[in-house]
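Topology and contacts: notes
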Amino acid sequence: MALMTIAALQLDLKANDNLGEVVARIKSTVARYPQVHMILLSELAICGPGATSASPRLNDCLDTLCALAKSLDIWLVPGSIYEDKHGKVLNSTPVINAKGEVVAHYSKMYPFYPFEKGVAQGQNICVFEVPGYGKLGISICYDMWFPETVRALVYLGAEVILHPTLTNTLDRDLELSIARSSAITNQCYFIDINSSGSLGNVKSIVVGPEGEVIH
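Overview of the structure. (Residues numbered from 1 in each chain as written. Predicted model: local features only at pLDDT ≥ 70, side-chain atom pairs only at ≥ 80, totals over all residues. Heavy atoms only, no water.)

**A closer look at unusual backbone geometry**
The test is simple: Comment: elements are numbered from the N terminus, with helices defined as DSSP H or I runs of at least four residues and strands as E runs of at least two. Each residue's exposure class comes from its accessible area (1.4 Å probe, protein chains only) as a fraction of the maximum for that residue type: buried when under 20%, exposed when over 50%, partly exposed otherwise.
With an omega of 0°, the peptide bond between Ser-55 and Pro-56 qualifies as cis. With respect to the helices, strands and loops of the structure, Pro-56 is situated in the loop between β2 (38–41) and α2 (58–72). Of the consecutive residues Tyr-113 and Pro-114, the connecting peptide bond is found in the cis state with omega at 5°. Position of Pro-114 relative to the elements: it lies in the loop between β6 (102–107) and β7 (126–130). A positive phi angle, near 55°, is found at His-86, a position not held by glycine. Here His-86 shows up in the loop between β4 (81–85) and β5 (88–96). Classification of His-86 by relative accessible area gives exposed; the value is 77%.

Written out as structure tokens, the structure is:
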């Protein structure tokens, strides 16, 4: 894999309607670090929690995010956003390439009940390729508590696991240990990005394939 620079943004955001703030932060990140190839946000960063009250929904902001990625010439994984699809609510993540195209889409397989009451389970894992750099996989928050999810991603060739999360509970330290264990047992990079402020208790982590904490 060639050297790829991923910026994971741990942001202090409101309970919903964070699109303008997120766009501004992404632009400032690229201006300050022009070497960045990809930007990753935390779970529900744009819309906030709440399956019925979260806003905006994925379909409301996807065009804006695609235009942003194209204008900045970056890959964008905007955390996750609640999506209304076929009469169901899904916790979904689009993968947008530097041309502004959605090249992959993942919906969380293990919603965190009862917190995510009313959210349906996604049915498919997601591995995508960034040409010239390698394959990456996506896992969202509670998914990583089920080790077969990461193993399946690596089995399909993922060398980096992007893991947006939204955690404000006392078990955050346990999640950090799961992130390190997932990396070392699967020999992959694991990027776990949480929110801060009123939504999350921070402690984001980037782990290497030997379980070492890179950041």
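Let's pick the thread back up.
**Observations concerning a nonpolar patch on the surface**
Selection criterion: What makes a patch is a set of residues exposed beyond 30% relative accessible area and free of salt bridges, joined within 9 Å when like-charged and within 5 Å when nonpolar (Val, Leu, Ile, Met, Phe, Trp, Tyr). Accessible surface is estimated by sampling points in the Shrake-Rupley manner with a 1.4 Å probe; for residues, cover comes only from the protein chains shown. Whenever Lys or Arg places a side-chain nitrogen within 4 Å of a carboxyl oxygen from Asp or Glu, that contact is recorded as a salt bridge.
Judged by side-chain polarity, Ile-125, Tyr-155 and Leu-156 come together as a nonpolar surface patch covering roughly 340 Å² of accessible area. Within the secondary structure layout, Tyr-155 lies in helix α3 (residues 147–155).

**Here's the deal with the pattern of salt bridges**
Following the criterion strictly, the structure yields seven salt bridges and no others. As a salt-bridge pair, Arg-172 and Glu-175 come within 2.8 Å of each other at their nearest N and O atoms. Taken as a pair, Arg-172 and Glu-175 lie in helix α4 (residues 172–186) at a separation of three residues, close to a single helical turn. By the burial criterion, Arg-172 is buried, and Glu-175 matches it. In this structure, a network of salt bridges that share partners links the residues Glu-43, Lys-108 and Glu-116.

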